[in-house]
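Each chain is listed here by its residues.
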Amino acid sequence: MSRREKLAVPPATVEPAPDFDSYYGRPILKQPTWKVPDVPLYLFSGGLAGASAVLAELAAATGRPALSRVARFGAAGGALAGTGLLIHDLGRPTRFLHMLRVIKPTSPLSIGTWILSPFSALSLAAAASTLTGIAPVLGRVAGVGAAALGGPMTTYTAVLLTNTAIPAWHDAHREMPIVFAGSALAAAGGLAMVGSPTGENTPAVRLGILGAAVELTAAAVLRRRLGFIGEHYHTGRAGAWMRGARALSAAGILGGLLGHRVRGMSAAAGAALLAGSVATRFGVFEAGRASAADPRDVIVPQRARLAARADNSTPLASTPPSSTPPASTPPASPPLAAAPPAS
Amino acid sequence: MTFDLDTRLAGPLADPAGEAGHTDAPPRMGFFTDTSVCIGCKACEVACKEWNAVPAASTGEQSTGPGDLSGMSYDNTVGLGGSTWRHVAFVEQTGPPPVDLGMPSVPQGADEGDREMRWLMASDVCKHCTHAACLDVCPTGSLFRTEFGTVVVQEDICNGCGYCVPACPYGVIDIRPEDGRAWKCTLCYDRLGAGQEPACAKACPTDSIQYGPLDELRATAATRLADLHDRGMEKAQLYGHDANDGVGGDGAFFLLLDRPEVYGLPPDPIVTTRDLPEMWKHAALTAAGVVVAVAAAFIGGRR
Ligand code: SF4
Ligand code: SF4
């Protein structure tokens, strides 16, 4: 009898009346299965490592051994952590090397792995040489090699996230590399502020301040340009992370401006910049998760796109009463109206 | 083998198998799911699970566990996932107050003001996109294009990186947590190779799921749509049939009786990799900017 009751069909869930149709309010997209904190930290580590590698070589070239040293360790440490986190996040970690059986330009993760792997080897070699004093010339060469990959290290992760169907990521594909680059510079500058003496830290302070400023500005532009989808960067977990990131970065900028001549102040400001960079990565990641879970992000813009296309297309298509007379509408080539070429 | 950069990432593509490097490929095969004749029997769900030895449900998957009820009409499968490769959606719609068409009707003891209720049922599946984002982003080459133009995961290659999951604009493919790898409909690749139709199409008692060469299916669908329109079903529409859509057309397309989003389908999906060249361009420019920024931080002498 109880079995029977269990099988009784409950009444269909009453939907709140939203401004769009959906299937019981279910998400359209799948949530990323990427783990927290693995993937946000992987994004952070890669950025820190990439920018540090560039910083390290320029510091070495301009006679700042202490700065170069800390940046080289940052590059190697970041690369090591990033690789470890990436492998740990795989559903089948023992199959990590399957990533290296192909090079696929259409897969930012494939390209990214091909950037990360040589970068890791080179930055580790450079750091090992710095640490042991063995083969300084080779160490220097390795360091320059890592620095050459440093720029791409800071931005490929932005393509990794934006090349998905998740609106809060995909639609931000112009701003995301800049947010991530700023975040990477802030992290590298911050780490160098923590680890270098005041006598050599001017470039680190400048970099940290510049990076954090870029990170803050680009993130603000990103949120604004996304319209209602940008709300995911304001609300929930993502909102909390992003607010934290703003506070930490602002504190780091202030501390760097005021206290860069004082060792303790400089280190504290550097730590704030590092933490701000971490928080940004978590915020961006959480915003994507929230966006994937929200059917509105998918349905409303796509529906609007279809409506716009119908408006531009033949007058036969359902014309809302408010639309301009078809005669005045230029037949701008909407993809649906264009006749496929008979190839 | 044809290779055209314009159609590599988006847009109409006549021969996906050829583009993927298959020579002498058979015609592109696919599904036409005519939801207007679906009776919601879920034979496709069962046949798929049996033939492909798919577990009942993954933990954490959208699907509820055995015996659980979702509260979503008769749909207790809830959605496609790593262990659900066919999913029958059940939509209960209440229409406007009935118009008297002079049709004979059975008195049901209902109130005068009672509204008409209609069922929409639809069996959803992987779309086997012409431009499949899952395949594009897969870093291991585990996802590949078969000679039939379908998209299949090789489970011995997949390392569970999970990139395909958020890349799919339809939310189809997913990781099976207890297994760590990505799974989705293979369009019964093993059966196709043996000249058999996929298990779900075979099991479908009303021919709602039709399998065949995509060209033929598209012609069938156009005829069926015209027929339904003639009968006054104005909202009937094809979904995924158009090679000019955002994914270059689907290998598995549908005839729906309402807007796609009513069934949980995205109204106008676009393959994310369409924008990838622009993304790489922005990333490369920004990467150069990073180097310039670091260099600039060293200008001006003071230590
Ligand atoms: S529907 Fe999704 S999983 Fe299926 S081929 Fe297209 S992108 Fe891949
Ligand atoms: S999870 Fe497997 S199939 Fe999906 S992108 Fe990664 S390697 Fe490819």
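Residues numbered from 1 in each chain as written. Chains lettered and ligands numbered in written order. Predicted model: local features only at pLDDT ≥ 70, side-chain atom pairs only at ≥ 80, totals over all residues. Heavy atoms only, no water.

K.L.:
What am I meant to see in the overall build of chain B here?
P.N.:
From N to C terminus, chain B includes nine helices and ten strands. Across the 303 residues that make up chain B, the buried fraction comes to 57%. Contacts in chain B between residues at least 24 apart in sequence constitute 64% of all its contacts with a sequence separation of at least 6. In the form shown here, chain B has an accessible surface area of approximately 12,700 Å², with 55% of it arising from carbon and sulfur atoms. (Helix = DSSP H or I, 4+ residues; strand = E, 2+ residues; numbered from the N terminus. Buried < 20%, exposed > 50% of the residue type's maximum accessible area, 1.4 Å probe, protein only. Contact = heavy atoms within 4.5 Å. Areas by Shrake-Rupley, 256 points an atom, 1.4 Å probe, with all protein chains shown as cover.)

K.L.:
What's the story with the state of the cysteines in this structure? I'm lost.
P.N.:
Here a disulfide denotes one covalent bond, and it connects the sulfur atoms of two cysteines. Residue and element names in this part refer to chain B. Tallying each qualifying case throughout the model produces zero disulfides over all chains. No disulfide involves Cys48; its sulfur sits 6.3 Å from the nearest other cysteine sulfur, which is in Cys188. Free of any disulfide, Cys200 has its nearest cysteine sulfur in Cys188, 6.2 Å distant. (Disulfide = S-S within 2.5 Å.)

K.L.:
Sorry if this is basic, but what is going on with empty space enclosed by the protein here?
P.N.:
The method is simple in principle: a probe with the dimensions of a water molecule rolls over the atoms, and the space it marks as empty is what remains. Residues and elements named next belong to chain A. This model, assessed by the stated rule, comprises ten cavities of 30 Å³ or more. Of the volumes computed, that of the second largest cavity is approximately 110 Å³. The set of elements that each furnish at least two residues to the lining of the second largest cavity consists of α2 (38-61), α3 (65-89) and α5 (136-162). Broken down by element, the residue count for the lining of the second largest cavity peaks at three residues, all from α3. Class assignment for the residues of the lining of the second largest cavity results in ten nonpolar, no polar and one charged. (1 Å grid on protein atoms, 1.4 Å probe; cavity = no way out; pocket = protein on both sides within 12 Å on 5 of 7 lines; lining within 4 Å. Points joined across faces, edges and corners; volume = space filled by probe spheres on them. Nonpolar A, V, L, I, M, F, W, Y, C, P; charged D, E, K, R; others polar.)

K.L.:
In this structure, what is going on with a nonpolar patch on the surface? I would like to understand it.
P.N.:
Residue and element names in this part refer to chain A. The grouping of Leu254, Leu257, Leu258, Val262 and Met265 at the surface amounts to a nonpolar patch, some 510 Å² of accessible area in total. For the nonpolar patch, the leading source of residues is helix α9 (residues 236-259), giving three residues. The residue Leu257 is located in helix α9 in this model. (Patch = residues over 30% accessible without salt bridge, like charges linked within 9 Å, V, L, I, M, F, W, Y side chains within 5 Å. Salt bridge = Lys/Arg side-chain N within 4 Å of Asp/Glu carboxyl O.)

K.L.:
What exactly am I supposed to notice about the interface of chain A and chain B here?
P.N.:
It is common to report an interface's size as the accessible area lost on association of the parts. Listed as interface residues are 87 residues of chain A and, on the opposing side, 88 residues of chain B. Here chain A meets chain B over a buried area of about 7,100 Å², counting both sides, of which 58% is carbon and sulfur. Linking chain A with chain B are five salt bridges, by the criterion used here. A salt bridge links Asp268 of chain B to Arg309 of chain A, with the nearest nitrogen and oxygen atoms 2.5 Å apart. Taken together, the links from chain A to chain B amount to 36 residue pairs in polar contact (both at pLDDT 80 or more). Where the side of chain A that touches chain B is concerned, the elements lending two or more residues are α1 (2-7), α2, α3, α4 (108-132), α5, α7 (176-195), α8 (202-225) and α11 (295-312) of chain A. Considering each element in turn, the side of chain A that touches chain B owes the most residues, eight residues, to α5 of chain A. Residue composition of the side of chain A that touches chain B, grouped by class: 45 nonpolar, 25 polar and 17 charged. (Buried area = accessible area lost by both parts, 1.4 Å probe. Polar contact = N/O pair within 3.5 Å; in protein donor to acceptor, adjacent residues only side chain to side chain.)

K.L.:
Help me understand the sheet that holds strand β10 (residues 252-256) of chain B, please; the structure alone is not making it clear to me.
P.N.:
Residue and element names in this part refer to chain B. The four strands are arranged β8-β1-β10-β9 in an open sheet whose pairing can be described as mixed. Two strands bound the open sheet, and with one partner strand each, they are β8 (209-213) and β9 (237-239). With strand direction ignored, the average angle separating the axes of adjacent strands in the sheet is 20°. The sheet contact formed by strand β1 (residues 29-34) and β8 spans five bridges and is antiparallel. Considered in β8, the bridge of Met29 is made with Pro213. Lying over the sheet, helix α8 (residues 214-230) contacts β1, β8, β9 and β10, oriented at roughly 135° with respect to β8. (Pairing = 2+ DSSP bridges. Axes fitted to C-alpha atoms, helices over the stretch in contact; angles between N-to-C directions.)

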